[in-house]
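# A structural walkthrough
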Amino acid sequence: MDGLMTPVLELSTGRLVRNVAAVRRRIAPSVLMLAMKDDAYGHGVEWVLDALSADPALDRFGSFDVETGERVRARRPHARVFAWATSTDGEIARALDAGLELGIGDEDYLRRVLAVARDRERTAAVHLKIDTGLHRNGVRPERWPAFVAEVDGAQRAGLLRVVGLWSHLAEASDAEDDAAAGVFRHALEVLRAAGIDPADTHLTASAASWWRPELRASVCRIGAFCYGIRSADGPEIPGIGPVATLSAPVIDARADTVDVGIGALHGFPSNLVGAPVGTPAGPRAIRAIGDTRMTVDAWSGASRGDAVTIFGPGDHGEPDATALAERIDTVGEEIVTRLTPAVRRIATR
Ligand SMILES: *Cc1c(COP(=O)(O)O)cnc(C)c1O
């Protein structure tokens, strides 16, 4: 019995399916590329793929790294998977063997990919990245024509095939995003003038895909909204709700406070004192957070084993992950992905 007094992350298959359907309806005719980084935002790559297995139309995934891409392809041998992290030569080789598509955002990386492709006698399927202002990764506009010329030569030599043009938005202001979209369109014109016309163009993630239809291109890379994680300081999204619900049992019930079996060592941020949790009697405040327990204001009839909901859809007065994140100036993704393997994952309908 005590072995089960651990925190639980419940993962709702139905909620994930409905979220993905709502996102798809919203962005059509753009195609959804489901972002799978950070172990599918802490939900588990394999669980997500299995939960969505009845949906053959969902065949595009964004993996970030090569290892995650390999895990996706192991479950979905025919899916198209885009790995945009700058990878080691060994990872590039594995990516080409596994049929992953690579994001290329600088000249050095382009040359490394070409060397591996030559070595392994493969054609790399690539998405070229223009820097539209985020300055994280991506070819600067002034270097774009020379980059495109180099890509063109490599494509003619059969070393690569350009399947996409992409970039990432700051989503800090509409004006900046509009300017970024202008840079993106110009980069596409330069590509086309060189005779390269990528089938995929993609610029937007969750928030811009949802709220800025004019910025959507042929593909939208979306993670957060599919998992039901709204933007920090953003509104609730109609038709979308949290896939993951975190709960933990009451370990000790006293007159004024109860101890709940979750703490910092489970990955719950210790600076969330004061946040509400959901209880059978509605919301109660967290008073203290230790390594493996937190102390919460009591409710009448509280007893050992009662489930306390830490974040979720709000059925018991609990906040969503983003509401917790907003208290400590981070994003909902952080709250979900930080949970350690000591939190049991349980799939539900
Ligand atoms: C994480 C990520 C996404 C998805 O962003 P969400 O806001 O979670 O939808 C898209 N593109 C890139 C490059 C990313 O890193």
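Residues numbered from 1 in each chain as written. Predicted model: local features only at pLDDT ≥ 70, side-chain atom pairs only at ≥ 80, totals over all residues. Heavy atoms only, no water.

## Some details on the domain arrangement of the protein
Operational definition: Domain start and end points were adopted from an automatic or database domain assignment. Working rule for contacts: check all heavy atoms of both residues, and any pair within 4.5 Å makes them a contact. Think of a salt bridge as a Lys or Arg side-chain nitrogen and an Asp or Glu carboxyl oxygen that are within 4 Å of each other. For this analysis, a polar contact is any N or O atom pair within 3.5 Å, provided that within protein one partner can donate a hydrogen and the other can accept it, and provided that sequence-adjacent residues contribute only side-chain to side-chain pairs. Three classes are used, and their members are as follows: Ala, Val, Leu, Ile, Met, Phe, Trp, Tyr, Cys and Pro are nonpolar, Asp, Glu, Lys and Arg are charged, and the others, Gly among them, are polar.
Domain assignment breaks the protein into domain 1 (13-227) and domain 2 (244-348). Distance from the C-alpha centre of domain 1 to the C-alpha centre of domain 2: 36 Å. Taken together, the 7 residues of domain 1 in the interface contact 7 residues of domain 2. Counting every contact that joins domain 1 to domain 2 gives 0 salt bridges. Counting across the domain 1 and domain 2 interface gives 1 residue pair in polar contact (both at pLDDT 80 or more). When grouped by side-chain class, the residues that make up the side of domain 1 that touches domain 2 number 3 nonpolar, 3 polar and 1 charged.

## Some remarks on the pattern of salt bridges
Pairs may arise between side chains of opposite charge once their charged atoms sit close together. In plain terms, the rule: Helix and strand assignments come from DSSP, with helices taken as H or I runs of at least 4 residues and strands as E runs of at least 2, each series counted from the N terminus. To sort residues, take the accessible area from a 1.4 Å probe on protein chains only and compare it with the maximum for the residue type: under 20% means buried, over 50% means exposed, and anything in between is partly exposed.
Here the structure, examined in full by the defined rule, presents 27 salt bridges. The residue E46 makes a salt bridge to R71 at a minimum N-O spacing of 2.9 Å. Pair noted here: E46 is in helix α3 (residues 45-51) and R71 is in helix α4 (residues 66-75), with a separation of 25 residues, a long-range link. The exposure class assigned to R71 is partly exposed, which follows from its relative accessible area of 25%. Here E334 makes a salt bridge to R338, at a shortest N to O gap of 3.2 Å. Judged by its relative accessible area of 40%, R338 falls in the partly exposed class. Connected through shared salt-bridge partners, R60, R80, E101 and D200 make up one network.

## Some details on the packing of aromatic side chains
Operational definition: Aromatic rings from Phe, Tyr and Trp, with only the six-membered ring used for Trp, were paired whenever their centres fell within 6.5 Å, and each pair was classed as stacked if the ring planes differed by under 30 degrees, edge-to-face if by over 60, and tilted otherwise. Two limits define a charge over a ring: the Lys NZ or Arg CZ must be within 6 Å of the ring centre, and within 35 degrees of the ring normal.
Evaluated as defined, the whole model comprises 8 aromatic pairs. Measuring from ring centre to ring centre gives 6.3 Å for W84 and W166, while their planes differ by 55°; the resulting arrangement is tilted. Remark: W166 occurs in strand β7 (residues 160-166) and W84 occurs in the loop between β4 (80-83) and α5 (89-98); sequence separation between them is 82 residues. Look at W84 and you get buried, because its relative accessible area is 16%. Among the residues examined, W166 registers a relative accessible area of 3% and is labelled buried. Between W144 and F147, the aromatic rings sit 5.5 Å apart at their centres with planes inclined by 35°, giving tilted as the arrangement. Within this pair, W144 and its partner F147 are both found in helix α7 (residues 144-156), separated by 3 residues, close to a single helical turn. Residue classification places F147 among the buried positions, given a relative accessible area of 1%. Taken together, the aromatic side chains of F64, F82, W84 and W166 make up a single cluster linked through ring pairs. Directly above the ring of W211 sits R26, whose terminal nitrogen or CZ lies 5.6 Å from the centroid.

## Brief notes about the nonpolar core
Operational definition: Only buried residues count toward a nonpolar core. Its members are Ala, Val, Leu, Ile, Met, Phe, Trp, Tyr and Cys residues joined through side-chain atoms within 4.5 Å.
Residues M36, W144, F268, M294 and F311 are the most contacted members of the largest nonpolar core, which totals 104 residues. Each of two domains, domain 1 (13-227) and domain 2 (244-348), supplies a minimum of three residues to this core. Once residues within four sequence positions are removed from consideration, F268 is found in contact with L246, I262, G263, I286, I289, M294, I310 and L324. Core analysis: the next-biggest nonpolar cluster, separate from the first, contains 5 residues, M33, F82, W84 and W166 among them.

## Some remarks on the side chain of D297
Tracing the backbone through its elements, the reader meets D297 in strand β14 (residues 294-297). A polar atom in the side chain of D297 sits 2.7 Å from the side chain of R287. Residues within four places of D297 in sequence aside, it is in contact with D256, T257, R284, A285 and R287.

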